[in-house]
Amino acid sequence: MALNQELVYLIIQFLKEEGHERTVHLLESETQVFFDLNYFEELVLNGNWDELESYLSGFTKFDENKYSTKIFFEIRKQRFLEALDEKDHHKALDILITYLKVFSQFDEELFKEMAYLLTLNDFREHDSLCQYGDTKSARLVMKDEVQKIIEANPSFHGKLQFPCIKDSRLRRLINQSLNWQHTICEHPSPNPKIKTLFEDHICPQPNELTIHTHSFVPSAPSSALPASQSSSPPASTCSVVSHGMSGFHLPPFPVILFILVYTLFEAPAVYEGPKDMPNMSKTCSTVAMEKSQKISDKFDDLPCTVGRILNLGSHPVSMDFHPIRHTSLLVGTNIGDIELWEVVYRTKLFSRNFRVWDIGTCSMAFKATFMKNPSVNVNRVVWNSDGSSFGVAYSNHIVQLYACSGIDAHTGSVNDLAFSKPGQELLVITCGDDRLVKVWDVATGDNLLIFEGHKAPVYSICAHNKKKINYIFSTAIDGAIKAWLYDSHGPRVEFDAPSKCCMKMVYSKDGKRLFSCGTAKSGKSIIVEWDDSDGCVKHSYEGLVENSSRVLHFDTAKNQFLAAGDDFLIKFWDMDAVELLMAIDADGGLPGSPYLCFNKRGTLLAVSANDDQVKILADEQGIQMLQNMQYDIGTVNVPGDLSESLNKIVEIKDMEVARFTSVEEMNVESKVERSEIIDTVRCQSFWLPIPEDMQISRISRLTYTNAGYAILALASNGNHLLWKWLRKEANPSGMATAKVSPELWKSKRSSPSPLMTKKPSCSNPEEVVSCFALSKNDSYVVSASGGDISLYNMLTLKEMRTFCPAPPAATFIALHPRDNNVIAIGRADSTVVIYNIRIDEVQCTLEGHTGKISGLIFSFMLNLLVSVGVDSQVIVWSTDSWKKENSTFLQIPDGKSVAALTDPSIQLHGNQAHFLAVHETHLALYEASTLLLENQWVPGELSAAISHATYSCNSELVYAGFTDGALLVLDASVLQPKYRIDPSAYRTSEISLNSYPLVIAAHTSIPNQLAVGFSEGGVCVLEPLESEGKWGAATSFAEG
C-alpha cells in the first residue's frame, strides 16, 4: 500500500473520530480507497437514492462492467417500484424515462416489461413481483442482493475492508514528531507548551518561560485574590439535608472559577525527559539491554503466581482486602451474599445472606420492587480506611453498613460507595441509577448531602483529599465526570471521559496519581492517567481489546503498576509506560472481564474466576507470607485491630430482621400470591386452512415471517406449510390476522403437496426432532427433520443445497443476527456446531452439554450465544471467541417432578440482555451474561406441565401453553399470570381433546397476536376481540 494511500486512511480515521461523517464519505468517494458498506446500507434503508448514486459514482460507472450495470439497475428499479407502490404514476414515469431507459440498450424486453407495470393497478399482479412485500422489507432484500454484487465487482476489490489501525494513529504520529522536536531543543522545558503545528516546536529560554496553572480539582481560596475574582458562587444544583451536620467542619467554599484546560490532542503528553540532555551517542543496543533488565526486575514485583484458590457458594462480583489485615478478603457475590475470608488458611471467617434489616424504614418504592423481585446482587463491597467497618451496595435500593444499619439509599440500583472522613465524622458516599450522589453519616445513617446534576445513572465515585481539600469525583454511564466539594454549591468541575465511556476513577495508593478505566458504548476499553493539575489525559495505555461487552475492572499497586481484567486475562502496565507490560491467564479459568483487587501492599492480587472461585495471586514476598503462615488465626478470633470490629460485624442486626427475612421466605409468599385465580378472556381465532388430503402430524416449529405477512410451520413429518395474507379490502395492510383467511402457498406444479417437503430419516415421525430458522430478510429458511440440513429459497420455494449430514441429527437451528451465513446448529450428540454456509465450513464445535440441544439464542448486543439442553443446563458462549463464559442449571422447584414431556427452551427478551427459560415445571427470567436468576414462576400443584412459552414482540407479555390445553397470558415484567384465554375460542368439535399447544409464535409487530401449533396437527391464530384491541381491555368473565 502506497504511503499516500495510507495517509488517506489515517485522515479518514481522524475525521471519523472528530465526527465529520459527511466529509469522510466525500473523501472516500473522491479518493476511491474505501467503500463503506455500512454507509451504503444506511442510504438504501433510508431511501436516499440520489446520495447513494453519487457515492457509488466515485467508485464505478453504470456501464463499466456487467456488475456495475446490475448495481445501478437494481437501485433504480427499487426506486421505480416504490413510486408505483405510492400510486404516484407521474413520478414513476419520470424515473422510468430519466433513470431506467438507459438500460434498454442492454435488454429492450425488460424495459418494456417495466413500462407495462404502469398500466396495472397493483404491480404485484405481475407474476415476477407477487412476492414483493412492503417498502422496508423490499429495501432489505435489495440491499443484500446489491451488496453481494458489490463484493463480486472487480471495481471494488481491495476497497471493502478498512485496514486495522490503532485508535488516534494520526494524533500519535504527530505527538511522536513533537516528542522528537522537544528532545533536540537547546533548552528543553520540563512542561513544554505546544501552541501550533504550523511551525516546529522550540522551547523558549528559561528566563522567558512563564507557567500558568489551572486547577483540575477544587482548591482552597487564596486570601490574596483580587476583588474581581470574589464573585458569587453559581446557582445551587444540589439539595442539602441540614440535620446531622454538627461538628462537621468543611473547608470554606472557594471563590475561584475552576477552569479545565484541554490540550490540542487528548493523547500522551509530550515526553518529559531528564533535566540534562540525553547522550545521543548512546547505542540503541545499550538502551535496549537496560530497558530489558528493568522490565525483568518489574516482573518480580508483580503478583503472578497462583498461591490460593477460594471456593465460594456463588460467583464473586466485588472484592476488597482489609486495609490493615492484608490477608483478609471481603467478597460480595451475584446472589447478594457477602463473605470474609482469611486467604492464608482458606478460612471463611464470616458470611451473610442478603436480608432486609428493617423493612419498616424502607420506601414504598423499594417495598413494591422487592415484593415483585426479591433477588439482589452485590454491586460493591468496600472497607473504610481503618478497617473498623465496611459497606455493601446492592442492585436494589439498599446500602448496608456493617457498623450501624441498612439504608434505603437510592431508587433502583446502588452502583458504588466509598468511605471518607473530611471532618470528625466518618461518612459514606453512594451513587445510583437515580442519577444522584448522596453523603451519609455512618454512625447515625442520616443523609447529609444530595448532589444533583448528572443526566444518566451514576456508575462510580472516588473520594479524595489533596492539599487539605476534600472532594468527590462522580462518573456516569454517559461519560460525564463531575467533581464536588462537601457543600451545596453544585459541581466544581465538569468534563467528559475519553470517548464518553462509562468508567471508574482510582488514585494510586499514595494519592498522587489519578487513573480511570472504562468502556465506551462501541465496546472500546480505555485506561488513562489524568494530570489533575490541568485536567488533561496524561497517558493512554495500550493493549486492551477493541470490542468489550462490559466495563473492565482495574486496580493500582505499589504506586507503580496498573492491572486490569480483560479478554480472559490479567494485564499489567507500568504507570510510566503506555505499552502493555505483561499478560497472564492465572492458570486459566478466568471470565471475560474478571474482577480484581490488590491488597494495600500490592503483594497479593485477588481475581474472580469461573466456577464460583477466587484466585489469590502473589509476588515473591506474598508467596513467602502464604508459605510461612506467619499469622496464628483461629476460627473467628482474629488477632489485632480486626478482632473487635469483626465481633461487632458477626453480631450486627441479627435481631432486627423484618417480616421477610430472606429471599426464600419471600418466594414462599410469592408462590401463594401467584396461585390466585386469574380472569378468563375471550378472543377471536382462526384455524389456518389445510387440505383434507394433506397428512399433517404434530406441529414441531412455528414462526411468523419477520415482515409479519405470513406464518411458516414445520410438521414432524418434514412438511413445511406457508400461509400468506394478501392485501384485500378487508385487510389493506396485508398483515397476518385472525379476521381474514390466508392462502396456503403452493408450488405452481399441479400436485397439492405442501412446499419444501423433507422426508424424515426415521420411519416414525414422532421420534424425529424437526427444526428450522428463517433468515432476517425472509428470503430463505434452513431446515432439518432428522437427516441432512436443507437450505430453501423462500421466493422460488426450492431446495438450494444440503449440508451437515446426519448422524448426529440437528435438533435446533439459530442464525447469527448480524451475519445469517453463520449458523449455530444444536445436535442430538449434545454439541453445538458453528457452521458458515457461505464457505461451507464448520468453524468450531462447542462442547459442554450432556444431552441433546433443545434451544439456542443469539444476543448481538452482548455478543453471546446461549444454549440449553435436555440436561437442563444453560451455557453462555462468547461469539467473538466461541469460548464458554458461564453456565448454570435450571432450578427445578421443590416438590416438582420432571416427566420429560417437553424439552426445555429459551426465548430472548427484547432488551437483548435477558432471556426466558421455559421448563415443564416453571418459567424463569435470567440475565444473559451472568446467568443471574432474576425471577421465577411456578404453576400451582394441580397445574399441568408447561408445553411452550414465548415473549410477545414488545416483550411485555409472555404467552404460555400447557399439556392440558390451557393458554395463559403473563405479565413479563413480574412473570405473573394475568389472563387465561377462553378455551372455547380454539377448541372445536373437530379437534381432539388430547391435542394441546405444542409450540407458540408471537407476531413480529402486533403484541396481542399469537399463533399456536398443536400436538396433533393444525395451527390457530388468536388475538383479542376487535372491540377490545388488547388482552383484558374489557371486563373479563369468570369461567363457568
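Thresholds, definitions, all that
- Residues numbered from 1 in each chain as written.
- Predicted model: local features only at pLDDT ≥ 70, side-chain atom pairs only at ≥ 80, totals over all residues.
- Heavy atoms only, no water.
- Helix = DSSP H or I, 4+ residues; strand = E, 2+ residues; numbered from the N terminus.
- Buried < 20%, exposed > 50% of the residue type's maximum accessible area, 1.4 Å probe, protein only.
- Areas by Shrake-Rupley, 256 points an atom, 1.4 Å probe, with all protein chains shown as cover.
- Pairing = 2+ DSSP bridges.
- Axes fitted to C-alpha atoms, helices over the stretch in contact; angles between N-to-C directions.
- Phe/Tyr/Trp six-rings, centres within 6.5 Å; stacked < 30°, edge-to-face > 60°.
- Lys NZ or Arg CZ within 6 Å of the ring centre and 35° of its normal.
- 1 Å grid on protein atoms, 1.4 Å probe; cavity = no way out; pocket = protein on both sides within 12 Å on 5 of 7 lines; lining within 4 Å.
- Points joined across faces, edges and corners; volume = space filled by probe spheres on them.
- Nonpolar A, V, L, I, M, F, W, Y, C, P; charged D, E, K, R; others polar.
- Salt bridge = Lys/Arg side-chain N within 4 Å of Asp/Glu carboxyl O.
- Parallel < 35°, antiparallel > 145°, perpendicular 65-115°, else oblique.
- Left-handed = near helix turned anticlockwise from the far one by under 90°.
- Contact = heavy atoms within 4.5 Å.

Digging into the overall build of the chain
- When helices and strands are counted, the chain shows 14 helices and 58 strands.
- Here the chain, with 1040 residues, has 53% of them falling under the buried criterion.
- Accessible surface computed for the chain: about 47000 Å², of which carbon and sulfur atoms make up 50%.

Re the sheet that holds strand S54 (residues 967-971)
- Strand order across the open sheet formed by five strands is S30-S55-S54-S53-S52, with mixed pairing between neighbours. Two strands bound the open sheet, and with one partner strand each, they are strand S30 (679-681) and strand S52 (946-951). Strand-to-strand twist in this sheet, taken as the mean axis angle between neighbours without regard to direction, amounts to 30°.
- For S54 and strand S55 (residues 976-981), the ladder comprises four bridges, and the chain directions are antiparallel. Paired with Asp971 across the two strands is Gln976, which belongs to S55.

As for the packing of aromatic side chains
- All chains considered together, the criterion is met by 21 aromatic pairs.
- Look at Phe73 and Phe103: their rings are 5.4 Å apart centre to centre, the planes differ by 75°, and that puts the pair in the edge-to-face class. Placement of the pair is Phe73 in helix H5 (residues 66-85) and Phe103 in the loop between helix H6 (89-100) and helix H7 (108-116), with a sequence separation of 30 residues.
- On the basis of relative accessibility, which here comes to 11%, the residue Phe73 falls in the buried class.
- Both rings, one in Tyr471 and one in Phe473, keep their centres 5.6 Å apart while their planes meet at 80°; by these two values the pair is edge-to-face. Each member of the pair Tyr471 and Phe473 is classed as buried.
- Cluster of aromatic residues (ring-pair linked, three or more members): Phe35, Tyr39, Phe40, Tyr55, Phe59 and Phe156.
- Lys16 extends its terminal NZ or CZ atom over the ring of Phe162, reaching a point 5.1 Å from the ring centre.

Regarding empty space enclosed by the protein
- One pass over the full model with this rule turns up two cavities of 30 Å³ or more.
- Roughly 40 Å³ of volume is contained in the largest cavity.
- Taken together, Leu84, Asp85, Lys87, His89, Leu117, Leu120, Asn121, Asp122, Phe123 and Arg124 make up the lining of the largest cavity.
- Looking at the lining of the largest cavity, its residues break down into four nonpolar, two polar and four charged.

Details of the sheet that holds strand S49 (residues 914-919)
- Judged by pairing direction, the sheet is antiparallel, and its four strands sit side by side in the order S48-S49-S50-S51 without closing on themselves. The open sheet has two free edges, formed respectively by strand S48 (905-908) and strand S51 (933-937), since each of these has just one partner strand. Neighbouring strand axes in the sheet, compared pairwise and without regard to direction, differ in orientation by 20° on average.
- In this structure, S49 lies alongside strand S50 (residues 922-927), joined through six bridges in antiparallel fashion. In the sheet register, Leu916 faces S50, and the bridge partner there is Leu925.

A short note on unusual backbone geometry
- With omega at -5°, the peptide bond leading from Ala806 into Pro807 counts as cis.
- Within the secondary structure layout, Pro807 lies in the loop between strand S39 (798-803) and strand S40 (810-815).
- With an omega of -5°, the peptide bond running from Pro807 to Pro808 counts as cis.
- Among the structural elements, Pro808 can be located in the loop between S39 and S40.
- Backbone geometry at Lys87 places phi at a positive 60°, although glycine is not the residue there.
- Relative accessible area serves as the criterion here: at 49%, Lys87 is assigned to the partly exposed category.
- You will see that Arg435, though not glycine, has its phi angle at about 70°, which is positive.
- Tracing the backbone shows Arg435 in the loop between strand S12 (427-432) and strand S13 (437-441).

A short note on the pattern of salt bridges
- The tally for this structure, following the rule as stated, stands at 32 salt bridges.
- Across the salt bridge formed by Arg171 and Glu18, the nearest N and O atoms sit 2.1 Å from each other. With Arg171 in helix H9 (residues 169-183) and Glu18 in the loop between helix H1 (3-17) and helix H2 (21-31), this pair connects stretches of sequence that are 153 residues apart.
- Asp829 is paired through a salt bridge with Arg827; the nearest N and O atoms lie 3.7 Å apart.

Details of the packing of helix H3 (residues 37-46) against helix H4 (residues 49-57)
- In the contact formed by H3 and H4, the axes pass within 8 Å of each other and the chain directions differ by 150°. The angle between the axes of H3 and H4 places the two elements in the roughly antiparallel class. In terms of crossing hand, the pair formed by H3 and H4 is left-handed. Only Trp49, Glu51, Leu52 and Tyr55 of H4 make contact with H3, whose side of the interface consists of Tyr39, Phe40, Leu43 and Val44.
- For the contact of H3 with H4, the per-class residue count stands at seven nonpolar, no polar and one charged.

Structural notes on the environment of Glu82
- Mapped onto the secondary structure, Glu82 falls in helix H5.
- Contact partners of Glu82, with chain neighbours within four places excluded, come to Trp49, Tyr132, Thr135 and Arg139.

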